[in-house]
Amino acid sequence: MLSITRIQPQARASTWLNMLALSLLAIGAVMLAPTAQAQTRDVDPYFIAVVEENTLLRSGALRSFYPIATVEPGTILRVTGQGERWLRVEYPAGLHALVRADHATLDQDRGVVTLSRTGALKALSDTRYGVDGSFRDVQGSATPATTQLKHHRTETSSRGIVFYVVDAPRGAAGFIETAQTRRATPSEIRTYMASLEQQGDERGEGRDQGTPSPQDPTPTETRDPNSTDEQTQTPT
């Protein structure tokens, strides 16, 4: 005679709970994997040169993070952090950032925005989404309250939030793929440093004492031209 074993309600509930727990663990592992891959560590600053066309400076260390700017080949950038496939680099000259109008004050006569809270700046998205897609904090050292930045324009998001577009502060950082760069030569670094000093003189600023000279020792980085990142790229 065929024997039928009935699963008690308590056992059935326990089975479903176990399956749910396993599913949640699997989902968590998938979500944490890109985070672990994207981690960057602080390093003694050194310089790189961009070598590929259409190299994107991103707001985070994955291709799924929105781009801030397209960096031209030959651009020299200062590295402050590195990971397996990504470098954290300071913004090239001329990039902008965002701050909510209720987190700053605008002096119309002087054309200056003064931050009213620390870390208020957002990375301005270089996509068709504009301010609506600019939700990532500017990376690098948090810009302190009372910092004054040049005001360029005022924009309003689709939700009615008013933003000021300002000069990105010195030390603002984004992320670039290691495979799209090489180490800068001493000659390239000297030219880059001279341009920084000229910009500082024009703004009445001194030289950044934290910037290494071309003779400073720098860690060795091996570029892997075959490395890839399978993350989905934000549409541009």
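Predicted model, so just to flag it, every value in this text is computed and none were measured.

Criteria and thresholds
- Residues numbered from 1 in each chain as written.
- Predicted model: local features only at pLDDT ≥ 70, side-chain atom pairs only at ≥ 80, totals over all residues.
- Heavy atoms only, no water.
- pLDDT = per-residue confidence, 0-100.
- Contact = heavy atoms within 4.5 Å.
- Core = buried A, V, L, I, M, F, W, Y, C linked by side-chain atoms within 4.5 Å.
- Buried < 20%, exposed > 50% of the residue type's maximum accessible area, 1.4 Å probe, protein only.
- Helix = DSSP H or I, 4+ residues; strand = E, 2+ residues; numbered from the N terminus.
- Salt bridge = Lys/Arg side-chain N within 4 Å of Asp/Glu carboxyl O.
- Phe/Tyr/Trp six-rings, centres within 6.5 Å; stacked < 30°, edge-to-face > 60°.
- Pairing = 2+ DSSP bridges.

*Asks:* Pulling in residues and values, what's your account of the confidence of the model for the protein chain?
*Replies:* Residues of the protein chain with pLDDT of at least 70 account for 68%, and the chain-wide mean is 81. With pLDDT under 50 throughout, residues 21-37 is counted as low confidence; its partners more than four residues away or in other chains account for five contacts. Low pLDDT, under 50, characterises residues 206-211; the stretch is placed with 10 contacts to residues that sit more than four places away or in other chains.

*Asks:* Summarise the nonpolar core; cite the residues concerned and give the values.
*Replies:* Among the nonpolar cores identified, the biggest contains 30 residues, and I48, V89, Y91, V99, L121 and V166 are the most heavily contacted of them. Broken down by secondary-structure element, the contributors of at least two residues to this core are β1 (41-50), β3 (67-71), β4 (76-82), β5 (86-90), β6 (96-100), β8 (112-115) and β11 (162-167). At four residues, β1 tops the list of elements feeding residues into this core. The residues touching V99, leaving out its near neighbours within four places in the chain, are A104, V113, L115, A120, L121, V162, F163, Y164 and V166. By size, the runner-up hydrophobic cluster in this structure holds seven residues, among which are I76, A184, Y192 and M193.

*Asks:* So what about the pattern of salt bridges? Which residues, and what values?
*Replies:* As enumerated under the stated definition, the model contains eight salt bridges in all. A salt bridge links R78 to E90; the shortest N-O distance between them is 2.5 Å. Of this pair, R78 sits in strand β4 while E90 is found in strand β5, placing the two residues 12 residues apart along the sequence. Judged by relative accessible area, which is 6%, R78 ranks as buried. Between E155 and R153 there is a salt bridge, with its nearest N and O atoms 2.5 Å apart. Exposure remark for E155: the relative accessible area of 25% places this residue in the partly exposed category. Taking the relative accessible area as the measure of exposure, R153 reaches 34% and is therefore partly exposed.

*Asks:* Break down the environment of L115 for me, with residues and values.
*Replies:* When you line up the elements, L115 lands in strand β8. With 28 residues separating them along the chain, L115 and T143 place their C-alpha atoms 8.5 Å apart. Those residues in contact with L115, other than ones at most four positions away along the chain, are V99, H103, A104, L121, T143, P144, A145, T146 and T147.

*Asks:* I'd like to hear about the packing of aromatic side chains, residue by residue, with values.
*Replies:* Counted according to the given criterion, the structure contains two aromatic pairs. Judged by centre distance (5.4 Å) and plane angle (65 degrees), the ring pair of F47 and Y192 falls under edge-to-face. Of this pair, F47 sits in strand β1 while Y192 is found in helix α2 (residues 186-203), placing the two residues 145 residues apart along the sequence. Given the relative accessible area of 16%, Y192 is considered buried.

*Asks:* So, the pairing of β4: which residues are in play, and what are the values?
*Replies:* The buried count for β4 comes to seven of seven residues, which makes it a mostly enclosed element. Pairing of β1 with β4 involves six bridges; the strand directions are antiparallel. Of the residues in β4, the one forming a bridge with A49 is I76. Here β4 runs beside β5; their pairing, made up of three bridges, is antiparallel. Bridge assignment links V79 to a residue of β5, and that residue is V89. Linking β4 to β5, which pair antiparallel, is a turn of three residues.

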